[in-house]
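Coordinate analysis (summary)
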Amino acid sequence: MTSINWDLECSHCSATSSADGLHSVCTDCGDPWLVRYHDAPSPAKKSELANRPWDMWRYREWLPLAPNESPVTLGEGMTPLLRVPSVERLTGVRTVWVKDEGQNPCGSFKARGLSAAVTRAVGAGVKAFTIPTAGNAGVALAAYGTRAGVPVTVFAPRTTPDTILRQIRLFGAELILLDGHIGDCGNAARQLASEIGAWDVSTLREPYRIEGKKTLGLELAEQMGWQLPDCILYPTGGGTGLIGMWKVFRELRDAGWVSGKLPRLFSVQADGCAPVVKAFAQGNDATEPWPDPQTVASGLRVPSPLGGRIILEAVRETNGDAVAVSDEDLSAASVSVAASEGIDVCPEGGATVVALQKLVDQGRIAPAESVVLFNTGAGWLYR
Ligand SMILES: *Cc1c(COP(=O)(O)O)cnc(C)c1O
């Protein structure tokens, strides 16, 4: 038995639970659980980071890991934060960085969440995994499941880019292609989970992918000398990274590791699947399912994010915004940043460049604000 120093708290109602064993969603209301740690590391611990291994588990005190446990890892995280002068010239914003998550194991930031989720599930004795995916989460689970010696079944839409599908097979997962979108794949994964007892690691259907994605925020803070940027643009599907960063920025502030205003969080979606943008514009608390979702940015093809309510709260509370961009524009931007900066930007990452331009044109982001764009995956996965 490992000694764990956190509990689970519902993101919506007042339910709480011990974190022992396996947990899916809140048993009272069906919304996602969030991890609450019993105590936070003191700011004096910052100096210890310098001697830690160069992966996301260097932040282990902020993560769901017992003192005597080793994570299931492929060296995820610690991706570069790169200035992008061509985007600064294009938009007139003085300081723009790209956090290049395409340099993670498996080519996307899904590695972070799946490293954490697989670590916890294996610790709880899981013998098989399943996941519905728009693509990259399936690649990451295939890799981390294999790393842990646990078989994986992935459900993906037939429209998923071919390179991504080949990667899923390469890492040894069973791949089942379905007509329809990630929501349809989710139903199939849950059915398999109930039939064979596989553990379903869908976005926010278990509490630990969020914790892994929190390291996006921890890394940004460390890379920027514990000064957070003014604005963060995040291409949003299920919203794990945006929610994770919002969670950890508040944890860091409460523990005295950062001070001042928290970054404004901007949710970026595609015109053909923009449930967060629509709900935000209408002032709603929750998203409504987007009918017939279509976009080449497969990571954004999530018509009904389970964490929609939390995404909207994060964007509103930080004085952010939610914007949608066209497939034509996001594809062009991904190619033009690659050609001008040498950074292999995926379509979802391209969407943040287009969104920044729009937000500046609308006066929502000022040229003097510092901006971080998330390139969530490698462009080669889509080509
Ligand atoms: C999954 C994914 C997204 C969306 O991430 P969420 O955390 O689900 O919002 C964006 N871009 C890429 C490349 C992805 O794989």
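Because the structure is a prediction, the values reported are computed rather than measured. (Residues numbered from 1 in each chain as written. Predicted model: local features only at pLDDT ≥ 70, side-chain atom pairs only at ≥ 80, totals over all residues. Heavy atoms only, no water.)

**Observations concerning the site of the ligand**
Under the convention used in this document: Distances are taken per atom, and a residue is near a molecule or strand as soon as one of its heavy atoms is within 4 Å of it. Definition of a polar contact: a pair of N or O atoms within 3.5 Å, with one able to donate and the other able to accept a hydrogen when the atoms are protein atoms, and with sequence-neighbouring residues admitted only if both atoms are side-chain atoms. Where accessible areas are quoted, they stem from the Shrake-Rupley method and a 1.4 Å probe; at the residue level, only the protein chains shown are allowed to cover. Labels follow the DSSP assignment, with helices taken as runs of H or I lasting at least four residues and strands as runs of E lasting at least two, numbered in each case from the N terminus. Residue classes follow a fixed rule: Ala, Val, Leu, Ile, Met, Phe, Trp, Tyr, Cys and Pro count as nonpolar, while Asp, Glu, Lys and Arg count as charged, and any other residue, Gly among them, counts as polar.
Looking at the ligand, there are 18 residues lining it, with Lys110, Tyr234, Gly239, Thr240 and Thr376 nearest. Between Gly238 and the ligand, the recorded distance is 2.8 Å, taken from a backbone N or O atom to an oxygen atom. Thr240 is positioned such that a nitrogen or oxygen atom in its side chain is 2.6 Å from an oxygen atom of the ligand. In isolation the ligand offers 380 Å² of accessible surface; the protein chains occlude 96% of this area. Going through the elements one at a time, β10 (231-235) and α8 (240-254) are the ones with two or more residues in the shell around the ligand. Here the shell around the ligand is composed, by residue class, of five nonpolar, ten polar and three charged.

**Quick notes on the sheet that holds strand β3 (residues 33-37)**
Using the following cut-off: The pairing criterion is simple: DSSP has to find at least two bridges between the two strands. Fitted lines through C-alpha atoms serve as axes, helices being fitted only where they are in contact, and the angles separating the N-to-C directions of these axes extend from 0 to 180 degrees.
An order of β2-β1-β3 is seen for the three strands of this open sheet, with the pairing classed as antiparallel. Taken across any chain shown, the strands that pair with only one partner, and hence form the sheet edges, are β2 (16-18) and β3. Strand after strand, the sheet turns through a mean of 35 degrees between neighbouring axes, direction not considered. The sheet contact formed by strand β1 (residues 6-10) and β2 spans three bridges and is antiparallel. The residue of β2 that forms the bridge with Asp7 is Ser18.

**With respect to the sheet that holds strand β7 (residues 152-157)**
Inclusion rule: Any pair of residues with heavy atoms lying within 4.5 Å of one another is described as a contacting pair.
Spatial strand order, β8-β7-β6-β9: four strands in an open sheet with parallel pairing. Only two strands of the sheet have a single neighbouring strand rather than two, namely β8 (174-178) and β9 (199-200). Contacting β7 and β8, helix α4 (residues 162-170) crosses the sheet at an angle of about 150 degrees to β8.

**Some remarks on the side chain of His181**
Tracing the chain through its elements places His181 in the loop between β8 and α5 (182-196). Engagement of the side chain of His181 in a polar contact is seen with the backbone nitrogen of Gly183, the distance being 2.9 Å.

**Considerations on the domain arrangement of the protein**
Defined as follows: An automatic or database domain assignment supplies the start and end points of every domain. Summed over both partners, buried area is the accessible surface (1.4 Å probe) that two parts give up on being assembled. Whenever Lys or Arg places a side-chain nitrogen within 4 Å of a carboxyl oxygen from Asp or Glu, that contact is recorded as a salt bridge.
Each domain of the protein was delimited in the assignment, giving domain 1 (6-62), domain 2 (81-107 + 210-382) and domain 3 (110-200). The straight-line distance from the C-alpha centre of domain 1 to that of domain 2 is 23 Å. Taken together, the contact between domain 1 and domain 2 spans 21 residues of the former and 17 residues of the latter. In this assembly, domain 1 packs against domain 2 so that about 1,800 Å² is buried in total across both faces, 66% of it on carbon and sulfur atoms. Three residues stand out in domain 1 for area buried against domain 2, namely Lys46, Tyr59 and Trp62, and they jointly supply 38% of the buried area on that side. Here domain 1 is connected to domain 2 by two salt bridges. One salt bridge in this structure joins Arg58 and Glu222, with 2.9 Å as the shortest N-O distance. Between the two partners, domain 1 and domain 2, sit eight residue pairs in polar contact (both at pLDDT 80 or more). Along the lines of polarity and charge, the residues of the side of domain 1 that touches domain 2 split into twelve nonpolar, four polar and five charged.

**Here's the deal with the side chain of Thr91**
Relative to the assigned elements, Thr91 resides in helix α1 (residues 85-91). At a separation of 2.7 Å, a polar atom in the side chain of Thr91 contacts the main-chain carbonyl oxygen of Val87.

**As for the pattern of salt bridges**
Put simply, the rule reads: Residue exposure (1.4 Å probe, protein chains only): buried if accessible area is under 20% of the type maximum, exposed if over 50%, otherwise partly exposed.
All told, the structure shown has 21 salt bridges when counted by the stated rule. In this structure, Glu88 and Arg83 form a salt bridge, with 2.6 Å as the shortest nitrogen-oxygen distance. Using a relative accessible area of 12% as the deciding quantity, one classes Glu88 as buried. Arg83 gets classed as partly exposed once you look at its relative accessible area, which sits at 44%. The partner of Glu211 in a salt bridge is Lys247, with the nearest N and O atoms 2.7 Å apart.

**Topic: the packing of aromatic side chains**
Each aromatic ring pair is summarised here by two numbers: the centre-to-centre distance and the angle between the ring planes. Quick note on the threshold: Working definition: a ring pair exists when centres of Phe, Tyr or Trp rings (six-membered ring for Trp) sit within 6.5 Å. Plane angles under 30 degrees give stacked, over 60 give edge-to-face, the rest tilted.
Within this structure, the stated rule accounts for six aromatic pairs. Ring geometry for Trp6 versus Tyr208: centroids 6.3 Å apart, planes at 80 degrees, classification edge-to-face. Placement of Trp6 in strand β1 and of Tyr208 in helix α6 (residues 208-213) is noted, with a sequence separation of 202 residues between them. Taken individually, Trp6 and Tyr208 each receive the classification buried, so the pair is uniform in this respect. Taken together, a centroid distance of 5.2 Å and an interplanar angle of 75 degrees make the contact between Trp226 and Trp257 edge-to-face. Within this pair, whereas Trp226 is found in the loop between α7 (215-223) and β10, its partner Trp257 is found in the loop between α8 and β11 (264-270), the two being separated by 31 residues in sequence.

**Observations regarding the environment of Val248**
By secondary structure assignment, the location of Val248 is in helix α8. Owing to a relative accessible area of 0%, Val248 belongs among the buried residues under this scheme. For Val248 and Ala193, which are 55 residues apart along the polypeptide, the C-alpha to C-alpha distance reads 30 Å. Not counting chain neighbours up to four residues away, the residues in contact with Val248 comprise Lys214, Gly217 and Leu218.

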